[in-house]
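# Chains, contacts and geometry: an overview
Read off the chains here:
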Amino acid sequence: MVPTLKDVIARCEALFEDLHFSAVKEWKAAVPGRKAIGYMPIYVPREIVYAAGMLPVGIFGGGDQMEVIQGDAYYQSYICRIPRSTLELGLTGRLDCLDGMLFPSLCDVIRNLSGMWQVLFKDKYVRYIDVPHNYLDQVGGEFYINEMQVLREDLAKIAGKPITDAALNASIAVYNDNRRAVQDLYAYRAQKPWQAPTSEVYLLVRAGMVLPPEEHTQVVRDYLAAVDKEERPKRDKARVVLTGSFCEQPPLSLIKSIEMAGCYVVDDDFGLIMRWLLDEVPANGNPLEELSKAYLHRSAQQASKYDEKKEDKGKYLLRQVKQGGAEGVIFAAASFCDPALLERPMLQEILAQQKIPYTAFKFAENTGQMAPIREQAGTFADSIKLWSDA
Amino acid sequence: MNTTIQMTPPQPSQKPAPEVQKEDAMRLQKEMINANYRDLASAHDQGRKVAATFVPGNLNELVMCFDFARSLPETNALQNGMRKKSGKFILDAERDGHSEDVCTYVKSDLGMMLGGETGPTGEKLPIPDLLLLSYTGCFTFMKWFELVRQKYNCETVMLHTPYQGDGKITQSMRDYVVKQLKETVIPTMERVSGVKFDIDRLRQYMKESAKAEDDLVKVLQSAKNRPSPIDGYFGAVYYIGPIFTAFRGLPEATQYYDVLRREIDERVRNKRGPITPEGELLEEKYRLVVEGPPNWTSFRDFWKMFYDEGAVVVASTYSKVGGVYDSGFRHDPDHPLESLADYCLGCYTNLNFPQRIDMICKYMDEYEADGLLINSIKSCNSFSAGQLLMLREVEKRTGKPAAFIESDLVDPRYFSAANIKNRLESYFQMIKQKRAVAGIATAH
Ligand code: SF4
Ligand code: SF4
């Protein structure tokens, strides 16, 4: 039976709210010996984890529903929220279902958290995943392939069997499908944002952090099929790209507030791992080489990734604006988020040159006060509408 | 993160100010640093190109092979901090759209640019011809030079140093750094400078570096003596200045470290304590290990809070940001590029957390410290994120008391003298009590 829109959303919502990761536990329990490996934003080559027969699980902090007590004791006030709530998840046993954690090369906070995890969770597999900032195949590519090979061997050891090229290619194909589905979802929203509000799209993306990829692909497809049958009212809202929330996530109520304030979010960088690689990864070649090439030459630009040339800065954002038919950009960065906040003035300068309006605010994953943000987003939407009507 | 400082003349205060005490070596390093600023100011007039780069993982020997004049933005920021200029620069940068949340070194630098690039000594700082983004131990570096590039359109070359996530340097990491040197960094430097790379010249510089590094290690390790003849934090920032910046590899630096080591040897022989701005410390009451960079805007006041109480820092992690030489690493002229790679890979903030904790515990033991003090810097996630775990772990493993204070590098808004002084006083009390208890325990 094809699930209804309500079913799909209810399922995603339940997955999103479940900070005990029951879906992961169920997946593991279904077949004895199954393992799950957590990863933090933004990007790790999940294809390798899945090829090992393990479930990659995206850990995106504790959101606004969890009280952080122990985690706070490890961080000064001037450090963002996500590492403390992630530690809280770990220290309260909520991540016991994970057999390991991967910490991507993103910022100094996540980097240091990888070592803290080694100290605090000695029985778990922990790996820092470095991605190169040199984009030559024979230089950065070779290094990255070696890094991926280490992960492959480590996971093979945990799984008790080697990860073959065939398994990797099969996994690449599964993620190609998944990426296509998510790209379709984003394209659909950009085309008809009144049909697919971001508060729903976001939940679908988050569901992909805990579901096996095939299942997630199906959920996304089900949503698209179901939502297209609905007749939802089209309103005169400002079309915006939201950027800067690639790591710590704003509360869902904040996303809803932006929409209620008169904005259609037509593109964003939530859960960027789903769309980090921009197109298909060939599933019939040397798998690690293909994953490396995809990262080096065909991946999204983002604050923690070096732009080789000045001219490259902002290209991805401008493309998001163009493809999404956006009229403005909202910079929504987590407080104390170095990469997002250091990148912001550069992107703003480029937008100003292109005469694309923007506004900026900061949030925390547990921000409770929506009124100021709603007001700011509302004023921004009004000003865009005013200009476009003029 | 950085290091090079000069002692400014004493400021008038309530008490008749004693003359600032300096070792000969301190004078020498001040001259070197001033000479570098003069060099930078005149570089373009003399047809020389200018390279800017960072302290951790700086490739000074290599950069000198192309006759670049060398500018270190972190040094500029801290020198501006010492001269009380950084506060305004930071505000200017924030008014220009930079977040209050990000590293103040970056904002001090960007604010200085907005003010027309007048350097800390009042001389003009040239716009760099090359930004050498040697990316060791801190993600902010990348954004910093992207921001500078955005403004000045400078040629930029990246040297990506992988992080020691597993607490070791693998051959793949080393090869990656060496390949970048060969395939991108050196060719870019040749093109920008017009000078052909000569590996023998690099070897020659490295020979000098290794000699200076030997002497620096002896100086830093002299703090194992009782009394310690140096302060391994406040004093050490003077000692590491030349070697962490534009001078490593020059005979002047070798000579500086030779003079310094002799001075310190002499102090050890005579059982002398460290020199502070108010003269020799006569009674060493507390021996501390310090983690984290110092505050620069109130550097002298901060130091005074220690020497007034008879506290000496015997070892610090900050004095390892530009190279962990006491672990045995030396620049190796026989393997020049590989050793540059190992140098970058081995800097303190490129070490993982367990390594940093091990290092501190080892210092506590080898330098017979009474405790650990963490100066947590608001600007610097690279150092600061996770320091509270470090504090617990070190306390647990050594059984010695640890304390935590917070300040910032060059933002005067985040230096609360009264709070820090209170915290330090109660910390010293705690050490005293611990000692008394231990004394009773041994007496029984
Ligand atoms: S929110 Fe920003 S600073 Fe915090 S962990 Fe994520 S990327 Fe790093
Ligand atoms: S974040 Fe820390 S290491 Fe990085 S530039 Fe700032 S002070 Fe230096």
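Everything below is about the structure shown above.
The following paragraphs examine the structure supplied in this document. All of these numbers come straight from a predicted model, not from anything done at the bench. (Residues numbered from 1 in each chain as written. Chains lettered and ligands numbered in written order. Predicted model: local features only at pLDDT ≥ 70, side-chain atom pairs only at ≥ 80, totals over all residues. Heavy atoms only, no water.)

### A closer look at the pattern of salt bridges
Selection criterion: Every case where a carboxyl oxygen of Asp or Glu lies within 4 Å of a side-chain nitrogen of Lys or Arg is listed as a salt bridge. The way it works is that DSSP assigns letters per residue, a run of H or I at least four long becomes a helix, a run of E at least two long becomes a strand, and they are numbered from the N terminus. Exposure categories follow from relative accessible area, calculated using a 1.4 Å probe and restricted to protein chains: below 20% of the type maximum is buried, above 50% is exposed, and the middle band is partly exposed.
Taken as a whole, this structure holds 60 salt bridges over all chains when the rule is applied. K315 of chain A is the partner of D312 of chain A in a salt bridge, and the nearest nitrogen-oxygen pair spans 3.4 Å. The closest approach of N and O atoms between E266 of chain B and R269 of chain B, which form a salt bridge, is 3.0 Å. Of this pair, E266 of chain B and R269 of chain B are both found in helix α10 (residues 251–269), 3 residues apart, which corresponds to roughly one turn of the helix. Overall, the relative accessible area of 39% leaves E266 of chain B in the partly exposed class. Judged by its relative accessible area of 60%, R269 of chain B is exposed. Each of D307, K313 and E343 of chain A together with K143 and E146 of chain B takes part in salt bridges that share partners, so that together they form one network.

### Section: the state of the cysteines
In plain terms, the rule: Any cysteine sulfur atom paired with another within 2.5 Å is treated as part of a disulfide.
In this structure the tally under the stated criterion is 0 disulfides over all chains. Left unpaired, C154 of chain B is separated from the closest cysteine sulfur, that of C103 of chain B, by 19 Å.

### Some remarks on the site of ligand 1
Filter applied, for reference: Summary of the distance rule: residues count as near a molecule or strand when at least one heavy atom falls within 4 Å of that molecule or strand.
Residues in close proximity to ligand 1 include C80, I82, L106, C107, V109, I110, C247, E248, F336, C337, D338 and P339 of chain A, which together make up its full environment. Of all the secondary structure elements, the ones that give two or more residues to the shell around ligand 1 are α5 (108–120) and α13 (338–353) of chain A.

### As for the pairing of strand β7 (residues 328–334) of chain A
Residues and elements named next belong to chain A. We count it as follows: Only strands that DSSP links by at least two bridges are regarded as paired with each other.
Of all 7 residues that make up β7, 7 are buried, and the element is covered over most of its length. A two-sided burial pattern is seen for β7, the buried positions comprising G328, I330, A332 and A334 on one face and V329, F331 and A333 on the other. One ladder, built from 4 bridges, connects strand β5 (residues 238–243) with β7; its direction is parallel. Each residue of the ladder has a partner; that of V240, found in β7, is G328. Pairing analysis gives 6 bridges linking β7 to strand β8 (residues 358–363), with the strands arranged parallel. Bridging from a neighbouring strand, A333 pairs with K362 of β8.

### Things to note about the sheet that holds strand β2 (residues 69–71) of chain B
All names here are of chain B. Note the following rule: Lines fitted to C-alpha atoms define the axes, with helix axes restricted to the stretch in contact, and inter-axis angles between N-to-C directions lie between 0 and 180 degrees.
As summarised here, the arrangement of the 4 strands in space is β2-β1-β3-β4, forming an open sheet in which the pairing is parallel. Each end of this open sheet is capped by a strand with a single partner; those strands are β2 and β4 (155–160). Each strand of the sheet is rotated relative to its neighbour by a mean of 25 degrees, with strand direction disregarded. In the sheet, strand β1 (residues 50–53) pairs with strand β3 (residues 130–135) via 3 bridges, with the strands oriented parallel. The residue of β3 that forms the bridge with A52 is L131.

### Remarks on the packing of helix α1 (residues 5–17) of chain A against helix α9 (residues 213–229) of chain A
All names here are of chain A. The criterion, for reference: For this classification, under 35 degrees means roughly parallel, over 145 means roughly antiparallel, 65 to 115 means roughly perpendicular, and everything else is oblique. Each crossing gets its hand from how the near helix is turned against the far one by less than a right angle, where anticlockwise is left-handed and clockwise is right-handed. Only heavy atoms matter for contacts: two residues are in contact if any of them lie within 4.5 Å across the pair. Here the term charged refers only to Asp, Glu, Lys and Arg, the term nonpolar to Ala, Val, Leu, Ile, Met, Phe, Trp, Tyr, Cys and Pro, and the term polar to all other amino acids, Gly among them.
It is the contact of α1 with α9, at a shortest axis distance of 9 Å, that shows an interaxial angle of 140 degrees. With respect to their mutual orientation, α1 and α9 come out oblique. In this structure, the crossing between α1 and α9 has a hand that is left-handed. Only E215, V219, D222, Y223, A226 and V227 of α9 make contact with α1, whose side of the interface consists of L5, V8, I9, R11 and C12. For the contact of α1 with α9, a count of residues per class yields 8 nonpolar, no polar and 3 charged.

### Topic: the nonpolar core
What counts, and what does not: Residue types Ala, Val, Leu, Ile, Met, Phe, Trp, Tyr and Cys, when buried and joined through side-chain atoms within 4.5 Å, form a set referred to as a nonpolar core.
If you look at the biggest cluster of nonpolar residues, it comprises 288 residues, and the most contacted ones within it are L155 of chain A together with L62, Y105, Y239, W296 and F306 of chain B. At 9 residues, the largest contribution of residues to this core is made by helix α7 (residues 171–193) of chain B. Setting aside its immediate chain neighbours within four residues, L62 of chain B contacts L181, V185, I186, M189, F197, L202 and L340 of chain B. Residues A190, A326, L351 and I356 of chain A belong to the second largest nonpolar core, which totals 11 residues.

### Things to note about the interface of chain B and chain A
Stated precisely, the cut-off is as follows: Note on definitions: buried area is the accessible-area loss of two parts on being combined, 1.4 Å probe, summed for both. Distance and chemistry together define a polar contact, namely a pair of N or O atoms within 3.5 Å, with one atom able to donate a hydrogen and the other to accept it when in protein, and with adjacent residues in sequence counting only for side-chain atoms on both sides.
Across the contact, 55 residues belong to chain B and 56 residues belong to chain A. Across the chain B/chain A interface, buried area totals approximately 4900 Å², and carbon plus sulfur atoms make up 56% of it. If you look at where chain B meets chain A, you find 6 salt bridges. For the salt bridge of E146 of chain B with K313 of chain A, the shortest nitrogen-to-oxygen distance reads 2.5 Å. At the surface where chain B touches chain A, the tally comes to 35 residue pairs in polar contact (both at pLDDT 80 or more). Looking at the side of chain B that touches chain A, its residues break down into 21 nonpolar, 21 polar and 13 charged.

### Details of α1 of chain A
Residue and element names in this part refer to chain A. To keep things clear, this is the line we draw: To estimate the expected span of a helix, count its residues, drop one, and scale the result by 1.5 Å. Relevant arc is that of directions from the helix axis to the C-beta atoms, nothing else.
Taking 1.5 Å of rise per residue, the 13 residues of α1 would be expected to cover 18 Å, and the 18 Å separating its terminal C-alpha atoms lies within 8% of that figure. Buried residues of α1: L5, V8, I9, C12 and L15, and no others. Down the axis of α1, the smallest arc covering the buried residues is 125 degrees, so these residues share one side. In this structure, α1 carries K6 and E17 as exposed residues pointing more than 90 degrees from its buried face. Next to the buried residues of α1 lie α2 (22–30), α8 (198–207) and α9.

### Observations regarding the environment of N58 of chain B
All names here are of chain B. Locating N58 in the fold gives a position in the loop between β1 and α2 (60–64). Residues N58 and D334 lie 276 residues apart in sequence; the distance between their C-alpha atoms is 19 Å. The contact partners of N58, leaving out residues within four places of it in the chain, are T53, S134, F244, T245, R248 and Y343. A distance of 2.9 Å separates the side chain of N58 from the backbone nitrogen of N60, its partner in a polar contact.

Purely spatial values, then, with no claim about function.
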